[in-house]
Amino acid sequence: MTAADSRSLKTDQDQDETTRAAEPAPVSEREARQTAEAAREAEWRKPSFGKQLFLGRLRLELIDPWPTPSAQSVAEAERFLARVAEYAETHIDNAQIERDASIPDEVLRGLADLGAFGMKIDKEYGGLGLSTHAYCQALTMLSSANSSVSALLSAHQSIGVPQPLKLFGTEEQKSRFLPRLAAGEISAFLLTEPDVGSDPARLATTAEPVDGGYRLNGLKLWATNGTVADLLVVMAQVPRSEGHRGGITAFVVEADSSGITVERRNAFLGLRGLENSLTRFHDVFVPAENVIGREGQGLKIALTTLNTGRLSLPAVCVAAGKYCLRVAREWSGARVQWGRPVGKHEAIATKIAFIAATTYGLEAMLTLSCLLADDESNDIRIEAALVKLYASEMAWRIADETLQIRGGRGYETAESLAARGERSTPIEQVLRDLRINRVFEGSTEIMHLFVAREAVDAHLAVAGDIIDPDATVGRKARAGVKAGGFYARWLPALAVGKGQLPRGYAEFGPLATHLRYVERASRRLARDTFYGMARWQGRMERKQAFLGRVVDIGAELFAMSAACTRARAEGAAEGWELADLFCHQARVRVDALFTALWDNNDARDAAAARKVLDGRYASLEAGILADDDDRPWVASWSTGPTEATDVRRRLRR
Ligand SMILES: Cc1cc2nc3c(=O)[nH]c(=O)nc-3n(C[C@H](O)[C@H](O)[C@H](O)COP(=O)(O)OP(=O)(O)OC[C@H]3O[C@@H](n4cnc5c(N)ncnc54)[C@H](O)[C@@H]3O)c2cc1C
């Protein structure tokens with residue numbers, strides 16, 4: 001029996017004062033939604049291309065021409081990227097990291113010497129102060145060397161201590177922590193718990209106010225960098241009490257504080273070098289000055305941090321696209337079957353075209369979003385969410401198609417290929433490493449809901465009370481008047497637009513036709529969203545398949561806009577061709593999604609899923625050897641001192 005098992009078997013009487021069973025508090029769907037809603041940034045202080053797109057307005061002037069970074073920042077970025085490339089080529093051994101499931105300490109030291117741990121930290125605190133664009137380019141480069149390396153640096157800088165401190169930290173916190181992190185100390189972000197994945201309302205880790213600070217108790221699961229980190233961002237519930245507004249709060253915690261135990265290093269399908277932990281907090285003292293922002297602001301801080309933090313994940317996806325394109329090109333030209341290179345068989349040719357066009361589209365979306373983030377003139381929270389969602393889904397398809405193009409060799413490991421004297425192309429690793437991108441930093445399903453919430457926000461703002469079951473008759477009536485005025489102006493505006501003019505967007509030459517399509521599709525999307533609201537009203541939030549398609553259409557339209565404006569910004573002949581190709585492919589997907597909005601099996605599928613869950617079709621599972629593991633799906637745990645050995649790895653510095 002493991003320590004965790006023995007803890008979970010304790011009875012109430014067994015538990016002394018320092019040990020409490022952390023049974024998940026029952027949290028209703030409504031409470032979960034309220035928690036998410038309270039964490040949402042409700043204000044829009046800057047224009048948002050993405051938000052307008054869902055409202056039926058193609059505000060191309062917000063993204064065209066692309067913002068131009070200063071010559072100095074471009075030069076700085078180029079110098080840094082050249083050093084990163086040279087270092088990665090000579091020091092990062094992907095095969096070794098895969099084999100040892102560990103990034104060597106000297107590689108981490110080398111990266112720290114380059115300044116890679118302080119890419120996003122301002123120069124005054126010892127960092128490089130790079131732009132978001134340069135940071136993402138560096139992650140793309142490093143990810144092509146090894147995905148665990150880029151995952152470590154991205155978790156450290158995009159969600160770890162530097163970014164929330166940059167946005168919400170006090171001057172004292174910044175000068176105390178940032179120089180350490182820029183110099184190579186590692187940070188991690190600890191939100192997830194055994195019972196808290198997509199739903200933070202269930203957060204069970206507590207931070208009890210004590211003299212001079214707080215006492216943390218709880219168990220944090222799957223913290224990337226958690227086994228090697230020096231500084232942690234920990235999300236914990238502060239109970240409401242006199243002088244304490246309470247709520248989920250973000251803390252900076254020294255990883256070697258007394259009471260912290262790294263109980264396990266977790267292992268995964270991919271990202272073999274990931275240093276990911278199960279971390280226990282038992283009566284860990286955190287000084288009051290380590291609270292980031294205010295009590296109760298934790299989730300808002302996490303979400304705001306992710307507004308730009310989310311861009312690092314698509315940077316990794318772009319690397320995968322570029323690598324797959326290269327493999328697909330070289331292999332498909334060289335491999336001859338049935339008398340021709342496989343790339344000349346149409347079934348493979350269409351895959352190659354998909355990989356090339358999609359890689360162009362992904363890079364366009366990412367670069368544009370980064371430039372907008374650096375330029376600071378737009379609110380990019382929707383764009384960043386759309387790129388995360390779209391890039392993680394499309395990169396997975398790219399890798400899957402590349403594996404198919406490689407045939408049996410796509411399924412073979414790089415080590416095995418090399419042992420047979422063939423080129424060690426780790427496509428199976430690319431696939432394994434990419435898969436998690438659809439799950440973490442907001443799963444695809446949660447990103448759909450996140451963006452959909454913003455897409456229907458205009459409707460909720462005017463008509464929210466009409467569809468709120470708890471609203472009084474008076475509130476409903478007032479909302480009805482307000483909504484009537486809004487829709488009387490808005491709906492007619494969706495009937496006509498520049499996309500119907502034969503010369504609309506002529507400045508885009510051969511791509512003008514695609515932008516006219518985007519403009520028309522944006523209005524159609526807004527109309528369809530409105531029809532959905534009118535039809536389902538308060539039940540709309542449960543129409544996840546419908547909302548998912550609305551968001552996917554928005555993502556495609558943003559991708560097309562990014563591809564066209566990229567082609568114009570860069571002016572390269574091959575860029576015009578790739579943008580055109582990408583838009584043609586995207587239009588086929590968008591048309592299919594529009595059709596599926598109203599012609600689908602959603603209701604039938606939902607009913608069938610209920611029957612599956614009720615066990616009606618369990619007989620279908622007969623005929624295989626099912627495992628008889630009767631342990632729980634989610635292990636129960638209790639607060640209290642650890643019974644495990646600390647497996648924290650202290651790096652040789
Ligand atoms: C390799 C790895 C690294 C990670 N790194 C970190 C880290 O550094 N820090 C950290 O805090 N966490 C980290 N995580 C946790 C990660 O963020 C979570 O796995 C993710 O949030 C999803 O939570 P979950 O796995 O508990 O899935 P669940 O929340 O249990 O969801 C299960 C499934 O249901 C879907 N779902 C859930 N709710 C809804 C809903 N309302 N509507 C529709 N579908 C829904 C989900 O999309 C998913 O498909 C990491 C995880 C992994 C595997």
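Scroll up to find the structure this text is about.
So, here's what we can say about the structure. Keep in mind that what you see is a predicted model, and the values were worked out from it rather than measured. (Residues numbered from 1 in each chain as written. Predicted model: local features only at pLDDT ≥ 70, side-chain atom pairs only at ≥ 80, totals over all residues. Heavy atoms only, no water.)

As a further point, take the packing of helix α20 (residues 473-493) against helix α21 (residues 512-536). It is the contact of α20 with α21, at a shortest axis distance of 10 Å, that shows an interaxial angle of 140°. When the axes of α20 and α21 are compared, the pair comes out oblique. From α20, Y487, W490, L491 and A493 reach across to α21, where they touch R523, A526 and F530. Of the residues that constitute the contact of α20 with α21, the class distribution is 6 nonpolar, no polar and 1 charged. (Axes fitted to C-alpha atoms, helices over the stretch in contact; angles between N-to-C directions. Helix = DSSP H or I, 4+ residues; strand = E, 2+ residues; numbered from the N terminus. Parallel < 35°, antiparallel > 145°, perpendicular 65-115°, else oblique. Contact = heavy atoms within 4.5 Å. Nonpolar A, V, L, I, M, F, W, Y, C, P; charged D, E, K, R; others polar.)

Each α-helix turn comprises 3.6 residues. Residues three or four places apart therefore point the same way. Counted residue by residue, helix α6 (residues 105-114) has 7 buried out of 10 residues, so it is predominantly covered. Among all positions of α6, only D105, V107, L108, G110, L111, A112 and L114 are buried. Next to the buried residues of α6 lie α4 (71-91), α7 (132-145) and α8 (147-159). At the exit of α6 stands G115, carrying a positive phi of roughly 95°. (Buried < 20%, exposed > 50% of the residue type's maximum accessible area, 1.4 Å probe, protein only.)

We now examine the site of the ligand. Around the ligand lies a shell of 19 residues, among which T192, S198, W222, S443 and E445 are the nearest. At 2.9 Å, a side-chain N or O of T224 approaches a nitrogen atom of the ligand. About the coverage of the ligand: the protein hides 68% of its 970 Å² of free accessible area. Sorting the residues of the shell around the ligand by element identifies β3 (213-224) and α18 (444-455) as the ones contributing at least two each. When the residues that make up the shell around the ligand are grouped by side-chain class, the tally is 11 nonpolar, 7 polar and 1 charged. (Near = heavy atom within 4 Å. Polar contact = N/O pair within 3.5 Å; in protein donor to acceptor, adjacent residues only side chain to side chain. Areas by Shrake-Rupley, 256 points an atom, 1.4 Å probe, with all protein chains shown as cover.)

Another aspect to go through is the pattern of salt bridges. Counted according to the given criterion, the structure contains 37 salt bridges. A salt bridge links E43 to R45, with the nearest nitrogen and oxygen atoms 3.3 Å apart. On the accessibility criterion, E43 (40% relative accessible area) is partly exposed. Across the salt bridge formed by R631 and D629, the nearest N and O atoms sit 3.1 Å from each other. Classification of R631 by relative accessible area gives exposed; the value is 58%. (Salt bridge = Lys/Arg side-chain N within 4 Å of Asp/Glu carboxyl O.)

According to the stated counting rule, one finds 0 disulfides in the structure shown. No disulfide involves C136; its nearest neighbouring cysteine sulfur is the one of C370, lying 3.7 Å away. On the basis of relative accessibility, which here comes to 2%, the residue C136 falls in the buried class. Summary of cysteine pairing: C583 is not part of a disulfide, and the nearest cysteine sulfur, belonging to C564, is at 3.7 Å. (Disulfide = S-S within 2.5 Å.)

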